[in-house]
Amino acid sequence: MNHRMLYPFADFGDTVSVLPANETMRKGLETLAADQDGDNSLVTYFELARVMERASRRFSGLLRAELTKLGVDDIGPAQAMVLLAIGDAELSVGELLDRGHYVGSNISYYLKQLADGDYIDRIASQRDKRSARIRLSVKGRQVCAGLREAAKGYERALSHGEQDRRNLEIAFQTLHRLELVWGNAARYGI
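Below, the structure is looked at part by part. Being a predicted model, the structure only gives us computed values, none of them experimental. Within each chain, residues carry numbers counting from 1 in the order of the written sequence. Two thresholds apply to this predicted model, a pLDDT of at least 70 for residue-level local features and 80 or more for giving and counting side-chain atom pairs, whereas whole-chain, interface and lining totals are computed over all residues. Derived side-chain values reflect all non-hydrogen atoms in the structure, with water molecules and hydrogen atoms excluded from consideration.

1. Regarding the packing of helix α5 (residues 93-100) against helix α6 (residues 104-116)
Alright, step 1. In the contact formed by α5 and α6, the axes pass within 11 Å of each other and the chain directions differ by 115°. One way to sum up the angle between α5 and α6 is to call them roughly perpendicular. Handedness of the α5/α6 crossing: right-handed. Where α5 approaches α6, its residues Val 93, Leu 96 and Leu 97 are matched on the opposing element by Gly 104, Ile 107 and Leu 111.
Alright, step 2. Side-chain classes follow a simple rule in which Ala, Val, Leu, Ile, Met, Phe, Trp, Tyr, Cys and Pro form the nonpolar group, Asp, Glu, Lys and Arg form the charged group, and the remainder, Gly included, forms the polar group. In terms of residue class, the contact of α5 with α6 is built from five nonpolar, one polar and no charged. In this analysis, axes come from line fits to C-alpha atoms, helices being fitted only over the stretch in contact, and the angle between any two N-to-C directions falls in the range 0 to 180 degrees. Runs of H or I in DSSP of at least four residues are treated as helices and runs of E of at least two as strands, each being numbered from the N terminus. Roughly parallel refers to an angle under 35 degrees, roughly antiparallel to one over 145, roughly perpendicular to one between 65 and 115, and oblique to any angle outside these ranges. By the definition used in this description, the sense in which the near helix is turned from the far one sets the handedness, with an anticlockwise turn below a right angle giving left-handed and a clockwise turn giving right-handed. Here, residues are in contact when the closest pair of their heavy atoms is within 4.5 Å.

If you want it as structure tokens, here you go:
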């Protein structure tokens with residue numbers, strides 16, 4: 001797979017090549033070890049997924065620490081991400097599911113915790129009393145503002161110029177593309 005064909009807009013410079021796992025396995029251990037010692041390091045999709053999972057855990061730990069600094073101890077990182085997904089909008093549960101790619105049973109549990117902690121307001125629909133709209137309460141907006149302020153500090157520490165911002169955009173586009181490809185492969189096969 002040629003990353004220059006997939007991303008002609010990107011300047012990858014001296015980045016690593018990403019190959020499907022089956023291509024890496026065919027190369028053999030000797031060739032793989034030689035490639036890793038040389039200038040063209042290889043990263044498999046499996047290794048990329050492992051790094052993403054570790055980064056996600058680290059981010060959850062960071063969110064937990066930021067929540068503690070804010071004095072919030074009744075919700076966790078997952079619920080904080082739901083608050084951030086709601087943002088300034090007023091959403092139905094279905095819209096929130098689409099926006100955050102949550103599992104229905106998880107979002108119901110998260111929303112109950114957030115409602116019990118007074119982080120969200122549930123407004124019954126005028127037309128259909130069975131459905132509700134969700135928006136952040138004052139307490140929820142304060143938590144989101146604190147988390148966004150903390151995020152600015154991390155962004156300043158990580159971003160040292162235009163190239164870093166471009167790299168972040170490329171990383172986002174790459175991960176988003178992987179999400180789409182892997183999701184479709186899981187649903188429809190390759």
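2. A word on the packing of helix α4 (residues 77-86) against helix α7 (residues 138-158)
Alright, step 1. Direction vectors running N to C along α4 and α7 enclose 95°, while the axes themselves pass 10 Å from each other. It follows that α4 is roughly perpendicular to α7 by the angle criterion. Between α4 and α7, the contacting residues are Ala 80, Leu 83 and Leu 84 on the first element and Val 143, Cys 144, Leu 147 and Arg 148 on the second.
Alright, step 2. Residues that form the contact of α4 with α7 fall into these classes: six nonpolar, no polar and one charged.

3. Brief notes about the packing of aromatic side chains
Alright, step 1. Stacked, edge-to-face and tilted are the three classes for Phe, Tyr and Trp ring pairs, Trp counted by its six-membered ring, which pair at centre distances within 6.5 Å; planes under 30 degrees apart are stacked, over 60 edge-to-face, the rest tilted. This model, assessed by the stated rule, comprises two aromatic pairs.
Alright, step 2. Ring geometry for Tyr 45 versus Trp 182: centroids 6.2 Å apart, planes at 85°, classification edge-to-face. Placement of Tyr 45 in helix α3 (residues 45-69) and of Trp 182 in helix α8 (residues 162-188) is noted, with a sequence separation of 137 residues between them.
Alright, step 3. Remark: exposure states derive from per-residue accessible area (1.4 Å probe, protein chains only) relative to the maximum for the residue type, with buried under 20%, exposed over 50%, and partly exposed in between. Looking at Trp 182, the relative accessible area reads 32%, which means it is partly exposed.
Alright, step 4. Judged by centre distance (6.2 Å) and plane angle (55°), the rings of Tyr 109 and Tyr 110 are tilted.
Alright, step 5. Assessed through its relative accessible area of 49%, Tyr 109 is described here as partly exposed.
Alright, step 6. Since its relative accessible area comes to 16%, Tyr 110 is described here as buried.
Alright, step 7. Whether a charge sits over a ring comes down to the Lys NZ or Arg CZ being within 6 Å of the ring centre and within 35 degrees of the ring normal. When the ring centre of Tyr 119 is taken as origin, the NZ or CZ atom of Lys 139, which lies over that ring, is 4.5 Å away.

4. A word on the side chain of Ser 137
Alright, step 1. Secondary-structure assignment places Ser 137 in the loop between β5 (132-136) and α7.
Alright, step 2. Ser 137 gets classed as buried once you look at its relative accessible area, which sits at 8%.
Alright, step 3. In terms of polar contacts, Ser 137 uses its side chain to reach the backbone carbonyl oxygen of Asp 118, at 2.5 Å. For the purposes of these results, a polar contact is taken to be a pair of N or O atoms within 3.5 Å, where, inside protein, one atom must be able to donate a hydrogen and its partner to accept one; residues adjacent in sequence count only when each atom of the pair is a side-chain atom.

So, to be careful, I would describe these as geometric facts and stop short of saying anything about function.
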